[in-house]
Amino acid sequence: MSKPHLLIDTDPGVDDALAILMAHAHADVAGLSVAAGNVGLGHTVRNARTLVDLLGADTPVFPGCPSPLVRAPDEDAAFVHGLDGFGDVGFPEPAVPAADEAAALALLRLTRERPGELTLVALAPLTNLALALRLDPTLPQRVKRLVVMGGAVTGHGNTGKVPAEFNVGFDPEAAHVVFESFPEFDLVDWEATLRHAFDEAEFDRWLAAGDRRAGFFGQVFGTARAYNAGHGRHGIVAADALAMAVAIDPSIVTRSERRHVAVELDGRLTRGATVVDWAGRLGHPANANVVLDVDQARFAAMVRRALGAG
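The structure reproduced in this document is the subject of the present report. Since the structure is predicted, the reported quantities are computational estimates derived from the model, not experimental observations. Position numbers for residues start from 1 in each chain and track the written sequence from start to end. In keeping with the predicted nature of the model, local features appear solely for residues at pLDDT of at least 70, side-chain atom pairs appear and are counted solely at 80 or more, and the whole-chain, interface and lining totals rest on all residues. Processing note: side-chain calculations cover all non-hydrogen atoms of the structure and skip hydrogens and water entirely.

A short note on the packing of aromatic side chains
Centre-to-centre distance and the angle between the planes together describe a pair of aromatic rings. Short version of the rule: Two rings from Phe, Tyr or Trp (for Trp, the six-membered ring) form a pair when their centres sit within 6.5 Å of each other. Planes less than 30 degrees apart are called stacked, planes more than 60 degrees apart edge-to-face, and all others tilted. Type-normalised accessible area, obtained with a 1.4 Å probe on protein chains alone, sets the label of each residue: buried when under 20%, exposed when over 50%, and partly exposed for intermediate values. In this text, helices come from DSSP runs of H or I with a minimum length of four residues, and strands from runs of E with a minimum of two, each type numbered from the N-terminal end.
One pass over the full model with this rule turns up 12 aromatic pairs. Ring centres 6.5 Å apart and planes at 85 degrees place the aromatic pair Phe86 and Phe91 in the edge-to-face group. Judged by relative accessible area, Phe86 falls into the buried class, the value being 1%. Seen from their ring centres, Phe198 and Phe299 are 4.7 Å apart, and the 40 degrees between their planes marks the pair as tilted. Note that Phe198 is positioned in the loop between α9 (190-195) and α10 (200-209) and Phe299 in helix α14 (residues 296-306), a separation of 101 residues in sequence.

Focus on the layout of surface pockets
This is how it is decided: Cavity: a set of points on a 1 Å grid over the protein atoms alone where a 1.4 Å probe fits but cannot get out. Pocket: an open set with protein on both sides within 12 Å along at least five of seven lines, its lining residues, like those of a cavity, having an atom within 4 Å of a point. Grid points are joined across faces, edges and corners, and a volume is the space filled by probe spheres set on the points. Side-chain classes are defined by residue name, with Ala, Val, Leu, Ile, Met, Phe, Trp, Tyr, Cys and Pro counting as nonpolar, Asp, Glu, Lys and Arg as charged, and the others, Gly among them, as polar.
By volume, the largest pocket amounts to about 370 Å³. Lining the largest pocket are 28 residues, and of these Asp15, Val80, His81, Asn158 and Trp190 sit closest to its centre. Among the secondary structure elements, those contributing two or more residues to the lining of the largest pocket are α1 (14-26), α3 (78-81), α7 (166-170), α12 (222-230) and α13 (239-248). For the lining of the largest pocket, a count of residues per class yields 17 nonpolar, 5 polar and 6 charged.

Some details on the pairing of strand β5 (residues 145-149)
By the criterion of burial, β5 is predominantly enclosed, with 5 of the 5 residues buried. Taking every second residue as pointing to the same face, both faces of β5 are buried, with Arg145, Val147 and Met149 on one and Leu146 and Val148 on the other.

Looking at the side chain of Asp136
Selection criterion: Polar contact is defined as a pair of N or O atoms within 3.5 Å, subject to the rule that within protein one atom must be able to donate a hydrogen and the other to accept it, and that residues adjacent in sequence are counted only when both atoms are side-chain atoms.
Within the element layout of this structure, Asp136 appears in the loop between α5 (127-135) and α6 (139-142). In this structure Asp136 comes out as buried when scored by relative accessible area, which is 10%. Here the side chain of Asp136 touches Arg112 through a polar contact of 3.0 Å, side chain to side chain.

Describing the pairing of strand β10 (residues 288-294)
Worth spelling out the cut-off: At least two DSSP bridges between two strands are needed for those strands to be called paired.
Burial of β10 is extensive: 6 of the 7 residues sit out of reach of the surface. One ladder, built from 4 bridges, connects strand β6 (residues 185-188) with β10; its direction is parallel. For Val188, the partnering residue across the bridge sits in β10 and is Val291. Relative to β10, strand β7 (residues 253-259) runs antiparallel, the two sharing 6 bridges. Looking at β10, one finds that Ser256 is bridged to Val291.

A closer look at the sheet that holds β7
Each strand in a sheet pairs with its neighbour through backbone hydrogen bonds, running either in the same direction (parallel) or in the opposite one (antiparallel). Our working definition: Between the N-to-C directions of two axes lies an angle of 0 to 180 degrees, each axis being a line fitted to C-alpha atoms and, for a helix, fitted only over the stretch in contact. Pairs of residues are marked as contacts when any of their non-hydrogen atoms sit within 4.5 Å.
Here 8 strands make up an open sheet; going across it, the order is β3-β2-β1-β4-β5-β6-β10-β7 and the pairing mixed. In this open sheet, the two strands that pair with only one neighbour each are β3 (61-63) and β7. Strand-to-strand twist in this sheet, taken as the mean axis angle between neighbours without regard to direction, amounts to 25 degrees. Lying on the sheet, α1 is in contact with β1 (5-10) and β2 (28-34); it crosses β1 at an angle near 165 degrees.

Some remarks on empty space enclosed by the protein
Applying the stated criterion across every chain yields a total of 1 cavity of 30 Å³ or more. As for the largest cavity, its lining consists of Glu200, Phe221, Arg225, Asn228, Ala229, Arg233, Gly235 and Ile236. Per-element tally for the lining of the largest cavity: the top contributor is α12, with 3 residues. Along the lines of polarity and charge, the residues of the lining of the largest cavity split into 3 nonpolar, 2 polar and 3 charged.

Concerning the packing of α5 against helix α8 (residues 172-181)
Put simply, the test is: Each angle is binned into one of four classes, with values under 35 degrees roughly parallel, values over 145 roughly antiparallel, values of 65 to 115 roughly perpendicular, and all other values oblique. For a crossing to be left-handed, the near helix must be turned anticlockwise from the far one by less than a right angle; the clockwise case is right-handed.
Two elements in contact, α5 and α8, have axes separated by 8 Å at closest approach and are oriented at 55 degrees. Taken as axis vectors, α5 and α8 run oblique relative to one another. Viewed along their axes, α5 and α8 form a crossing whose handedness is left-handed. Residue-level inspection shows Thr127, Leu129, Ala130, Leu133 and Arg134 of α5 in contact with α8, the latter providing Ala174, Val177, Val178 and Ser181. Its residues placed into classes, the contact of α5 with α8 shows 6 nonpolar, 2 polar and 1 charged.

Re the pattern of salt bridges
Two side chains of opposite charge can pair, provided their charged atoms sit close to one another. Put simply, the rule reads: In what follows, salt bridge is the name for a side-chain nitrogen of Lys or Arg lying within 4 Å of a carboxyl oxygen of Asp or Glu.
Using the criterion set out here, one finds 18 salt bridges in the structure. Ionic pairing is found between Arg271 and Glu173, a salt bridge with its closest N-O pair at 2.8 Å. Note that Arg271 is positioned in the loop between β8 (261-263) and β9 (274-276) and Glu173 in helix α8, a separation of 98 residues in sequence. Of the two residues, Arg271 and Glu173, neither departs from the other in class, the shared state being buried. A salt bridge links Arg258 to Glu184; its shortest N-O distance comes to 3.4 Å. Of this pair, Arg258 sits in strand β7 while Glu184 is found in the loop between α8 and β6, placing the two residues 74 residues apart along the sequence. Each of Asp28, Arg114 and Glu117 takes part in a single network of salt bridges with overlapping partners.

Side note on a nonpolar patch on the surface
Worth spelling out the cut-off: Two distance rules govern patches: like charges are joined within 9 Å, and nonpolar side chains (Val, Leu, Ile, Met, Phe, Trp, Tyr) within 5 Å, applied only to residues with over 30% relative accessible area and no salt bridge. Residue-level accessible areas treat just the shown protein chains as cover; the underlying method is Shrake-Rupley with a 1.4 Å probe.
Where nonpolar side chains cluster on the molecular surface, the patch consists of Leu69, Val70 and Leu131 and spans about 230 Å² of accessible area. Tracing the backbone shows Leu131 in helix α5. Here Leu131 falls in the partly exposed class, since its relative accessible area comes to 32%.

So this is what it looks like as structure tokens:
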């Protein structure tokens, strides 16, 4: 099977790091467009450059928007990922420079150069993608597939707002623009990632058996792992990695449902919630293929390969 061709929008972030390692192990990566999200843009751009350095890749890194479209964010995720997004390990300044081109413009250019070829993998708040869509609403016509890691389809989110998931909750207006603009996308939500966590002892064996990529991930993962253990999250939750697995090989999905998904923008208690019309009451066409389950053994094999452990 030929390698898929990916364009990744990301806010590294520990789980983004694992997803990007997976992408480079299994696919051709056209670029990393970088958003603010897990931590501020200065950190996320530097972290993307650090990953490209680690991999010895020539993947370009495109800095994006430093803030949400409309409102300042209520929170970032530094308390999970570390103040620098990579567990506060203190990596040296990466050698790979960031590109001069803005992320939204790079998304448009690359899809024009390679129409119908690139799968767009959105692992971050959707600010960059929303900006690109406002500049050129024909963008969806040039994207082979869109895979979004975001949302909580039955309201079991992971933010201070009860029903909201972080990526959508960080910039709800951007998510609204994207969900309204793309006629079809795959949605890998937070709840699915909890169902597909890895056994901790098994994951530790992968880290011990892996190469420098495993060593790197073991370093950056410490802060997030400690946070998860202290907040009732069982196993190794690899949210962005699950979305990346779906992007790399859609046949890994074993159960999904096509539904209309929208984003709540105004609710006092529900701003940032993903609203799934499970019963088809609104009469809107389904825009999302909501991924519910994947083949866990195949997902694990993809992660092991990304860590150099098999």
